[in-house]
Amino acid sequence: MNETALLDHPAPLPPARAPIVTDAPAQGSPGALSRVQKRRKRWLVGALLLLVPLSALVKPYWETQEMSINAVSVLGLVLLGLAVLGRCWCTLYIGAHKKEQLVTTGPYSLCRNPLYLFSCIGALGIGLFSGSMLVAAAFGLLVALVFIRVARLEEAHLAQRFGPAYLRYQHNTPRWWP
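What you see is a predicted model; the values in this text were computed from it and never measured. (Residues numbered from 1 in each chain as written. Predicted model: local features only at pLDDT ≥ 70, side-chain atom pairs only at ≥ 80, totals over all residues. Heavy atoms only, no water.)

K.L.:
Which residues make up the overall build of the protein, and what values go with them?
P.N.:
A count of helices and strands for the protein gives six helices and two strands. Order of helices (α) and strands (β) in the protein, N terminus to C terminus: α-β-α-α-β-α-α-α. Counting every position in the protein, which comprises 178 residues, the buried fraction comes to 35%. Considering only intrachain contacts with a sequence separation of at least 6, the fraction spanning at least 24 residues in the protein is 79%. Summing over all exposed atoms, the protein offers an accessible surface of approximately 11200 Å²; the carbon and sulfur share of this is 68%. (Helix = DSSP H or I, 4+ residues; strand = E, 2+ residues; numbered from the N terminus. Buried < 20%, exposed > 50% of the residue type's maximum accessible area, 1.4 Å probe, protein only. Contact = heavy atoms within 4.5 Å. Areas by Shrake-Rupley, 256 points an atom, 1.4 Å probe, with all protein chains shown as cover.)

Encoded structure:
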């Protein structure tokens, strides 16, 4: 094959794992996503209003065991600190770009929903800080269930808004855990 034929028909490139930052096309329904976000916030506030008072009625599991409640509380604080730092890291990357661009760098290169992942870690940390395994499981599970639902709705919105760029990102990047 001669050189000109090679230049006319380059070999196809594999899907890139490189960062994709794409301006959003005019299509998409920002109102639908806004409604999802408002619903998510109402569910989380409602759940916290229910679980926080109930957590005061639950006796910590560790008081009747050899393991110290202090160790569990410290683990809860560590997870809470990790969640705060992780959410700050995510915000540095997505900040002002959330509605205009598909951000796939920083924590978004490791998983598609790092803000939600760190929120789940924080909810588990809050529960552990209470010293109750029941509260820890309830907080962690409730927040995870809310974010699983919201993430699916957001993915549909992002696929519509960013098209093939988001679908490639979705294919190359895990949803939750790096």
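K.L.:
Describe the nonpolar core, and please don't skip the residues or the numbers.
P.N.:
In terms of nonpolar packing, the biggest core is built from 29 residues, with Leu102, Tyr108, Leu115, Tyr116 and Ile121 touching the most fellow members. Among the elements that make up this core, the one with the highest residue count is helix 5 (residues 133–162) (nine residues). Sequence-distant contacts of Leu115, defined by excluding residues within four places in its chain, comprise Arg87, Cys90, Thr91, Ile94 and Tyr108. (Core = buried A, V, L, I, M, F, W, Y, C linked by side-chain atoms within 4.5 Å.)

K.L.:
Account for helix 4 (residues 114–129), naming residues and giving values.
P.N.:
The end-to-end C-alpha distance of helix 4, which contains 16 residues, comes to 22 Å, matching closely the 22 Å that a straight helix rising 1.5 Å per residue would cover. Most of helix 4 is tucked away: 13 of the 16 residues are buried. Remark: Gly131 follows helix 4 within two positions and exhibits a positive phi of approximately 90°. (Expected span 1.5 Å × (residues − 1).)

K.L.:
Kindly report on the pattern of salt bridges, identifying the contributing residues and their values.
P.N.:
For the structure on display, the rule yields two salt bridges. Between Arg112 and Glu155 there is a salt bridge, with its nearest N and O atoms 2.7 Å apart. You can see Arg112 sitting in the loop between strand 2 (101–102) and helix 4 and its partner Glu155 sitting in helix 5, a full 43 residues away along the chain. Of the charged contacts in the structure, one is a salt bridge between Glu155 and Arg175, with a shortest N-O distance of 2.8 Å. Here the residue Glu155 occupies a position in helix 5, and Arg175 occupies one in the segment after helix 6 (164–172), the gap between them amounting to 20 residues. (Salt bridge = Lys/Arg side-chain N within 4 Å of Asp/Glu carboxyl O.)

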